[in-house]
Each structure stands twice: as structure tokens, then as C-alpha cells.
Amino acid sequence: MTTTLPIPSSSWPLPDPSPSPDSDPDPNHNLFDPPPGMAQSTPSQTLPDNDGSSTSDPTDMPSPGFCETPEPSPSDFPGNPSSGPDPPLPSLLHLSFNQDSGCFAAGTDRGFRIYNCDPFREIFRRDFDSASGGGGGGIGVVQMLFRCNILALVGGGPEPQYPLNKVMIWDDHQSRCIGELSFRSEVKSVRLRRDRIVVILVQKIFVYNFADLKLLHQIETIANPKGLCEVSHVSGAMVLVCPGLQKGQVRVEHYASKRTKFIMAHDSRIACFALTNDGRLLATASSKGTLVRVYNTMDGSLLQEVRRGADRAEIYSLAFSSTAQWLAVSSDKGTVHVFNLKVESGSLGIERSRSASEPNSSPPSAVSHLSFIKGVLPKYFSSEWSVAQFRLNEGFQYIVAFGHQKNTVVILGMDGSFYRCQFDPVTGGEMTQLECQSFLKSEESF
């Protein structure tokens, strides 16, 4: 028998990031709004006997208002003399931005940490040990829900805190797990919305209602070891994107119209994709890593193709700007690229604003100068290239998102590095580094 998962209507007391000049700020973006009609203490129905089962604990309801995080004691700081010599830095297992890219979460072999992007600072950390129960502390997946006190955790590393086949629902009001979803195989990733929990296994995806953990949908996929899946985040019916059943195929689920769209995006297997917040645009990259394609999710039409480079690369992340004017790409080549998208925003309902100081300016053209002989020479010579670049240490994995300040990019590295850069939308070229931090160091360093 399962019971209703208590969903609070409050958030961490995080500083509000500066609103993007390209979009209207939402005064309530910090708050978690429970699904309409949700009863926080009403038992739910027993879930059907399938690959995913759930349990939750409604006995202690989160109190209303902001989360009161306990003040750390001096011994909590590794650099404090009273705590002895500094322990070695934790091993990083996972990095992910929250839904508006204003925060990011890090899973380590000791627990997890939450950071604010602008201004950069560590918000809090939860380090597990044997005394706190559970396993060895390793968190392989941590997913935030905007700035809410609810997170989804999956164990990871050589000594996982939780079984690898379980999604643990963590309430930071109570500093404990209040529910779990169990599966017959390892959980690869999780995606959260205010009304849905999406769990990705190697060949199956489960969609749950957040209010009562009721299973709503199951999707079969091709082998998906990276746990690729993205969902829209604006209010209303969800758009979900995942690998299809064929190599190079992407499946788009439109839950509002109850339609499924299959897109043959590439000849090679899908390596990475990104979805705009409203679910209208999809960017995809294959295992070759040379081209990135942008599709309309409604009809599956190809809208634009851009070129990262000529040689093969592993694409680590793709990210749209809030207005879908820009697309950022990171790869194992150590360079972050920003591309100018020429999508007809009006037909897609995506609002773009132009700076009043640049009424007639337009982004630089990154089309090859040899495009006039398109059709004679290989497609390479008519490719659209990035307008801005930022060069990093090759060999490390980086993920990228657009910052809340205009024309800024935030880059996170699995080496524990944090970069904030700015690009010139008119002249392009090398980005300017605004900030560089190491986020795995001790708290007192901040």
C-alpha cells in the first residue's frame, strides 16, 4: 500500500538571480506550487505490480514557509583547526543544473551539494556517513526541482548511499528521504517537473504523477546507457523527448494532444539532445559529434543545422538560451561553442527581445565564405559555424547553460571547475571569462 508523497509549497531561502533581460521575470519562480487539488495527507491507490514500485512516508509534513537549514558547527568545516587536518576533496560523480539554470547540484562520493550560479556560492551540502545510516555516502544522481526543498537522489560510486535501482525523494526540510521508487534494474537518470517524476532506465522510461506517485506512462527505448531524456518545464501539459527504438531516432511525446512524433535525427546513435522550456524546439547531436540539428517538435521538421567541427567528438551537453536565440555546445575537445539560431520565432511562439541600444544590430554570420559554391563542394564548406567560443582544458567533461545575465554562459566541469563567461552577440569570437571557481573546496573558502 502506498501513501501520498507530501509536497511542500515552499523553497530554500536562495538569493534570486538577476532576471534575464531577454525575458519577463516571474515573481513566483522561487515557489513550488502543488498540483491543483492535491491532498497532502490522503492515501493514494496501490500501484500496479510493474517494474516500478513506490513507498512514501507522510507522517511528518513539512512546515510552511522557508526551509530552515541548520547552522553548521565549526567542526563541519574541514579547514577549521578544531577539526584536524583537511580531508581529501570528494570525488565528483554527477553534475546537473536546475530547471532555470540558476542553481546546480553536485553528487559526490560523500553526498550532495547545492550551489547558486550568480552570484556563485555554495548554498549547502549534505555529507552522509555510516553513523547516519544508509550506505557509503555516494550519490550518482541528484536532480533539483527549481529551488524547492524536494530533490531526487540515486546512489552511485564505489560505495553508494542508496541502491542503484531506487529513486529516493529527499525533503531537505526534514533532512531525510520521504519516499522512494524501486525498479528491477539500475536507474540511469531522473527528470523532475512540478507535476511529474520521470525515471530513466537503460531501455525503459517511467512517468509518475508527483502528487501520489501513480504510474502514468511507460516508454520502451533503444539501449540508453546515458539516461537521455528531457522534459518541458513551463506550466501545462508536458512534452517529453527520449531515444526511439531505432539508432538515430528521437521520440517526442506531446501529452496535451496525446500524440507521439518520431524524428530520424541522425544516421548514428543519439549522443545528446536538449529541449526548450516550452518543448517547441529540440537540438540533437549524434555520436559523430560534428553536426547539431534543431527540429520543430510539433511536426518534426528540420529547422537548422550547425557544425561544431570537422573531426569526431563526444558531445557532453547542449543548451538553449531562454529566448531560443542561442545554442551552446560542449564536447570532449575542450571548447564551448555558442551558435546563433535563425528559427522563425514568431511561428513557434517564442518571444525574443532586442536591446534598445542595438536596434539595428544583428548577430554575426558564421556561414563559410565558400557557401557560394554550395552544391559543388562537400556540405562542409556551406556549414554554419559557432559565433563565439571558450577554450577549456581538453580531457575533462563539461556541461553548459546560459546565465541569467545577458549574453553569459555558465560552464561546470567534472574536475570541480565553475566558469562564467560573456560573449559579444555582434562581433562574436573568443568569450570573456568573468569568473572561475573551484566548487569542491572547503566551505570556509567561500
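Since the model is a prediction, treat every value here as computed from it, not as a measurement.

How should the sheet that holds strand S3 (residues 103–108) be read in this particular structure?
Adjacent strands of a sheet pair through backbone hydrogen bonds, lying either parallel or antiparallel. A sheet is described by the order of its strands in space; here four strands give the open sequence S2-S3-S4-S5, paired in antiparallel fashion. Only two strands of the sheet have a single neighbouring strand rather than two, namely strand S2 (92–97) and strand S5 (120–127). Strand after strand, the sheet turns through a mean of 20 degrees between neighbouring axes, direction not considered. Note that strand S4 (residues 111–117) and S5 share seven bridges and pair antiparallel.

I keep staring at the sheet that holds strand S28 (residues 417–422) and nothing clicks. Help me out?
What the four strands build is an open sheet, ordered S26-S27-S28-S30; its pairing is antiparallel. Looking at which strands have only one partner, the edges of the open sheet turn out to be strand S26 (398–402) and strand S30 (432–438). For this sheet, the mean angle separating the axes of adjacent strands, direction not counted, is 20 degrees. Alignment of strand S27 (residues 408–413) against S28, held across five bridges, turns out to be antiparallel. By the bridge assignment for S28, Leu412 is matched with Phe418.

For this particular structure, what's the right way to read the pairing of S26?
Summarising burial for S26: five of the five residues are buried, a large majority. Side chains Tyr398, Val400 and Phe402 project from S26 onto one buried face, and the interleaved Ile399 and Ala401 project onto a second face that is buried too. Across five bridges, the pairing between S26 and S27 is antiparallel. Residue pairing across strands places Phe402 opposite Val409, the latter belonging to S27.

How should the side chain of Thr297 be read in this particular structure?
Along the polypeptide, Thr297 turns up in the loop between strand S20 (291–296) and strand S21 (302–307). According to the relative accessible area criterion, Thr297 is buried, its value standing at 0%. Of note is the side chain of Thr297, whose polar atom sits 2.6 Å from the backbone oxygen of Gly279. Dropping the residues within four chain positions of it, Thr297 is found in contact with Val252, His254, Lys261, Leu275, Gly279, Arg280, Leu281 and Leu282.

What is the right way to read the nonpolar core from this model?
In summary, soluble globular proteins display a tendency toward joint burial of nonpolar side chains. In this structure, Val167, Phe183, Val190, Ile197 and Val199 are the most contacted members of the largest nonpolar core, which totals 23 residues. Looking at this core, the elements that each hand over two or more residues are strand S7 (150–155), strand S8 (166–171), strand S9 (176–182), strand S10 (189–192), strand S11 (196–200) and strand S12 (204–209). Considering every element that reaches this core, the biggest residue donor is S7, with three residues. Beyond its immediate chain neighbours, meaning those up to four positions away, Val190 contacts Val141, Gln143, Ala152, Val154, Val167, Ile197, Val198 and Ile200.

I tried to follow the pairing of S27 on my own but got confused; where do I start?
In regular strands, side chains alternate between the two faces of the sheet. Burial of S27 is extensive: six of the six residues sit out of reach of the surface. Side-chain alternation along S27 places Thr408, Val410 and Leu412 on one buried face and Val409, Ile411 and Gly413 on a second face that is also buried. The antiparallel pairing of S26 with S27 creates a hairpin that spans five residues between the two strands, and Asn407 there sits at a positive phi of about 60 degrees.

Any chance you could explain the packing of aromatic side chains here in plain terms?
For any pair of aromatic rings, the description consists of the separation of the ring centres together with the inter-plane angle of the planes. Enumeration according to the criterion identifies 18 aromatic pairs in this entry. Look at Phe104 and Phe439: their rings are 5.2 Å apart centre to centre, the planes differ by 70 degrees, and that puts the pair in the edge-to-face class. Taken together, the residues span a long stretch of sequence, with Phe104 in strand S3 and Phe439 in the segment after S30 at a distance of 335 residues. A residue is classified by how much of its surface remains accessible, and Phe104, at 0% relative accessible area, is buried. An aromatic cluster is present here, built from Phe97, Phe104, Tyr115, Phe120, Phe418 and Phe439 joined pairwise through their rings.

When you look at the environment of Arg125 in this model, what are you seeing that I'm missing?
Within the element layout of this structure, Arg125 appears in strand S5. In this structure the C-alpha to C-alpha distance between Arg125 and Gly107, which are 18 residues apart in sequence, comes to 9.9 Å. There is a polar contact of 2.7 Å between the side chain of Arg125 and the side chain of Glu122.

Any chance you could explain the side chain of Gln389 here in plain terms?
For Gln389, the position within the fold is in strand S25 (residues 388–391). By relative accessible area, which is 13% here, Gln389 ends up buried. Sequence-distant contacts of Gln389, that is, excluding residues within four places in its chain, are made with Thr335, Val336, His337, Gly429, Glu430 and Met431.

What should I look at first to understand unusual backbone geometry in this one?
One can expect most non-glycine residues to show negative phi and most peptide bonds to be in trans. With an omega dihedral of 5 degrees, the bond running from Asp118 to Pro119 counts as a cis peptide bond. Its place among the elements puts Pro119 in the loop between S4 and S5. A positive phi is found at Ser175, a non-glycine position, where the angle reads about 55 degrees. By secondary structure assignment, the location of Ser175 is in the loop between S8 and S9.

Sorry, what's going on with the confidence of the model for the protein chain here?
Low pLDDT marks regions whose predicted coordinates should not be analysed in detail. Taken as a whole, the protein chain shows an average pLDDT of 77; of its residues, 69% reach a score of 70 or greater. When the elements of the protein chain are averaged for pLDDT, helix H1 (residues 345–348) gives the smallest value, 50, and S10 the largest, 97. Throughout residues 1–50 the model reports pLDDT below 50, and contacts reaching past four residues in sequence, or to other chains, amount to 129 contacts. In this model, residues 56–83 is a region of pLDDT below 50 whose contacts with residues beyond four sequence positions or in other chains number 57 contacts.

Help me understand the environment of Ser175 in this model?
Judged by its relative accessible area of 34%, Ser175 falls in the partly exposed class. Put simply, Ser175 and Asn149 are 26 residues apart on the chain and 9.5 Å apart in space, counted from C-alpha to C-alpha. Excluding its chain neighbours within four sequence positions, the residues that come into contact with Ser175 are Arg126 and Trp170.

Each value, and the rule that gives it
Residues numbered from 1 in each chain as written. Predicted model: local features only at pLDDT ≥ 70, side-chain atom pairs only at ≥ 80, totals over all residues. Heavy atoms only, no water. Pairing = 2+ DSSP bridges. Helix = DSSP H or I, 4+ residues; strand = E, 2+ residues; numbered from the N terminus. Axes fitted to C-alpha atoms, helices over the stretch in contact; angles between N-to-C directions. Buried < 20%, exposed > 50% of the residue type's maximum accessible area, 1.4 Å probe, protein only. Polar contact = N/O pair within 3.5 Å; in protein donor to acceptor, adjacent residues only side chain to side chain. Contact = heavy atoms within 4.5 Å. Core = buried A, V, L, I, M, F, W, Y, C linked by side-chain atoms within 4.5 Å. Phe/Tyr/Trp six-rings, centres within 6.5 Å; stacked < 30°, edge-to-face > 60°. pLDDT = per-residue confidence, 0-100.

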